[in-house]
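Coordinate analysis (summary)
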Amino acid sequence: MAEQFLNFIDGEWIAGSGSNPIADINPADTREVIGHATDSLEADVDAAVQAAHGAFASWRSTPAPVRGQIVAAAGRLFLERVDQIAEVLTREEGKILAEAKGEVRKGSNLVEFLAGESRRLNGETIPSEMSKTFAYTLRVPLGVVGLITPWNFPMAIPAWKIAPALVCGNTVVLKGAEQTPWVSQLVVQAFVDAGVPKGVLNLIQGRGETAGAALVEHPLVEAISFTGSTEIGHHIYARGAALGKPVQCELGGKNPIIVLADGDVDMAVAATAKGAFGSTGQRCTATSRAIVDARVHDQFVDALVREAGLVVPGNGLNPATTMGPSVDQDQFDKVHEYLAIGPGEGVETRAGGGRATQGDLEFGLFTQPTVWTGVDRSMRIAREEIFGPVLSVLSVDGIEEALSVANDVEYGLTSSIYTRDVNKVFEYIDHIETGMLHVNSPTIGGEAQLPFGGMKRTGVGPREQGPTAIEFFTEWKTVYIDYTGSMRGGNLY
Ligand code: NAI
Ligand code: MG
């Protein structure tokens, strides 16, 4: 029996009012229709926002540490349910089971950390110019917040937005991704089972251009936190500006790994393979450019091509598989468009370059791990986000050229350098234009207690995760108290 994935509004699982449900297809075998997500229209979004609005007064007055305890319980439920959630994640999104379990654990870590922030929603006491006056600041929630999330981390990304939103006292409408409605449901169910009251957390399934857009536009939605494509993020940011609503965006990347002549080439190769082919390259932090000193270029490429040959694409539920499919036909088509553009721009294909079809793979959306050399920084494939298992190698002479190439893109999410020279490490830290940077480790990954996000066109608004996560979900009240009530302390004006 195919499943029906519903909206969650005011404590009830209910169908949307649209008539065009979205098929949830297993990308490892597109003959399998897992189920359908309900189709939501403006009226459904309105119902969800009204429910969240109605629940706000009581949630905001629930003491923050109590809110935090509920959120923390959700993090524990993620761990208790790791096997179930991970299996659904693999079937819907395609990533291999080990990656899916890692994502659930990461989601749990994030929720655990952010729950603790409920006991640190501190303001400051600040000295006043006036005598007998007590001045301080107070963090307060925004109201109803809209969260719009993508399919590539359908568990962790909603979790890392929901947790700080709730801890800070906001109520939430989550619009999950079209491709992963079952995981969205499991994430919300965990928060509900943890004790989040009716109306405080609502889920809308459905399409971006209808349900997502209606959420952005709704007058009772105070702020939008978005992760996804640069195009849609910038569109939502523009709408937010027009409507006077804060917007937080976490968008694309074109993340470089720099390999200098004195670096550990074997470790750099292992890190590059992990970053480029892990999660099928469908991470915002994926490694998509290797910027390699000419003196170690051939050694690096030969070893990387060998690594690419060891990758086993396939159904992620099979323990022998090391790389899953693209999430859906659109993503697969996008990757294969770039696989045609690269050779057209004059690159040399050293590994992969096409569809992987051996055995059962012909029924899934599989791509061979691909390595291109002879890449120039001006090429489209060196500048645009591909979001597939495709790596471009650019040859450079020394750190200055490496940094100039690395920074010559519109994105600035994450990066890495391999070198043993401490001076070059600090030169890199000073000059690289990325929000996160790694020295002698892969571009991917991030810990729950550290800020996550990018510079340049990648990021808008405060960093997610870590202690900065609460910045977007609170605003300040500044309080002056004349405790004599007599203006004896003087008045400023
Ligand atoms: P997308 O940006 O279209 O979708 C992300 C979310 O936004 C989904 O929930 C979608 O329903 C919603 N959405 C779409 N249009 C909307 C609108 N007009 N108003 C409000 N919400 C809307 O991303 P998509 O199409 O899934 O992927 C396209 C490309 O974006 C990928 O190939 C990749 O390059 C990039 N991407 C980056 C991600 C990241 O982690 N930063 C995650 C997913 C995609
Ligand atoms: Mg899209």
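Before reading further, recall that the structure is shown in the block above.
Below is a summary of the structure that appears in this document. Counting starts from 1 at the beginning of each chain's written sequence and moves along it residue by residue. Both sets of labels track the order of writing: A upward for chains, 1 upward for ligands. Per-residue local features are limited, in this predicted model, to residues with pLDDT of at least 70; the limit for side-chain atom pairs, both in listing and counting, is 80 or more; totals at the level of whole chains, interfaces and linings are taken over all residues. To obtain the side-chain values, all non-hydrogen atoms of the structure were used and water was disregarded.

With that out of the way, let us pick up a nonpolar patch on the surface. A cluster of nonpolar residues, V422, F426, I429, L437 and V439, forms a patch on the protein surface that exposes about 400 Å² of accessible area. Only DSSP runs of H or I with at least four residues qualify as helices, and only runs of E with at least two residues qualify as strands; both kinds are numbered from the N terminus onward. Among the secondary structure elements, those contributing two or more residues to the nonpolar patch are α13 (422–431) and β20 (436–439). Examining the composition of the nonpolar patch, we find that three residues originate from one element, α13, more than from any other. On the secondary structure map, V422 appears in helix α13. In this analysis, a patch consists of residues with relative accessible area above 30% that form no salt bridge, clustered at 9 Å for like charges and at 5 Å for the nonpolar side chains Val, Leu, Ile, Met, Phe, Trp and Tyr. In short, Shrake-Rupley with a 1.4 Å probe defines the accessible areas, and a residue's cover is counted only from the protein chains shown. Within this document, salt bridges are pairs made up of a side-chain nitrogen of Lys or Arg and a carboxyl oxygen of Asp or Glu, the two lying within 4 Å of each other.

This part takes up the packing of aromatic side chains. Ring pairs shown here join Phe, Tyr and Trp side chains whose ring centres sit within 6.5 Å, with only the six-membered ring taken for Trp; geometry is labelled stacked below 30 degrees between planes, edge-to-face above 60, and tilted in between. This structure, assessed with the given rule, holds seven aromatic pairs. Note on W151 and F387: the rings are 5.7 Å apart at their centroids and 85° apart in plane angle, and the pair reads as edge-to-face. One end of the pair, W151, is in the loop between β8 (144–148) and α5 (156–167); the other, F387, is in the loop between β16 (370–373) and β17 (390–396), with 236 residues separating them in the sequence. Relative to F452, the ring of W160 lies with its centre 5.5 Å away and its plane at 50°, an arrangement referred to as tilted. With W160 in helix α5 and F452 in the loop between β20 and β21 (455–456), this residue pair connects regions lying 292 residues apart in the sequence. On the basis of relative accessibility, which here comes to 6%, the residue W160 falls in the buried class. For every residue, the accessible area (1.4 Å probe, protein chains only) is compared with the maximum for its type, and the residue is labelled buried under 20%, exposed over 50%, or partly exposed between those bounds. Given a relative accessible area of 5%, F452 falls into the buried group. Sitting over the face of the ring of F153, K95 holds its NZ or CZ atom 3.7 Å from the ring centroid. Look at NZ for Lys and CZ for Arg. If either is within 6 Å of the ring centre and within 35 degrees of the ring normal, a charge sits over the ring.

Let us look at the state of the cysteines. The disulfide definition used here is simple: a pair of cysteine sulfur atoms within 2.5 Å. By the definition in use, this model includes zero disulfides. For C168, which is in no disulfide, the shortest distance to another cysteine sulfur is to C249 and amounts to 19 Å. Not part of a disulfide, C249 finds its nearest cysteine sulfur in C284, a span of 13 Å.

What follows is about the sheet that holds strand β23 (residues 474–482). For two strands to count as paired, DSSP must find a minimum of two bridges between them. Taken together, the three strands give an open sheet; going across it, the order is β6-β7-β23, and neighbouring strands pair in antiparallel fashion. Two strands close off the open sheet at either side, each with one partner strand: β6 (125–126) and β23. In this structure, strand β7 (residues 133–141) lies alongside β23, joined through nine bridges in antiparallel fashion. Its bridge partner lying in β23, Y136 is registered against V479.

Moving on, we get to the site of ligand 1. Here a residue counts as near a molecule or strand whenever at least one of its heavy atoms sits within 4 Å of it. Neighbouring residues of ligand 1: 25 residues in total, closest W151, E178, S229, K334 and E385. Two N or O atoms form a polar contact when they lie within 3.5 Å of each other; inside protein one atom must be a possible hydrogen donor and the other a possible acceptor, and for residues adjacent in sequence the pair counts only when both atoms belong to side chains. For ligand 1, an oxygen atom lies 3.2 Å from a polar atom in the side chain of N152. Contact between ligand 1 and S229: an oxygen atom at 2.7 Å from a side-chain N or O atom of the residue. Sorting the residues of the shell around ligand 1 by element identifies α7 (208–217), β11 (221–227), α8 (230–243) and α11 (329–345) as the ones contributing at least two each. In terms of residue count, the dominant contributor to the shell around ligand 1 is α7 (three residues). Put simply, Ala, Val, Leu, Ile, Met, Phe, Trp, Tyr, Cys and Pro go in the nonpolar bin, Asp, Glu, Lys and Arg in the charged bin, and everything else, Gly too, in the polar bin. Residue classes in the shell around ligand 1 are distributed as eleven nonpolar, nine polar and five charged. Each domain span listed reflects an automatic or database assignment of domains. Each of domain 1 (3–251 + 458–478) and domain 2 (255–439) accounts for three or more of the residues forming the shell around ligand 1.

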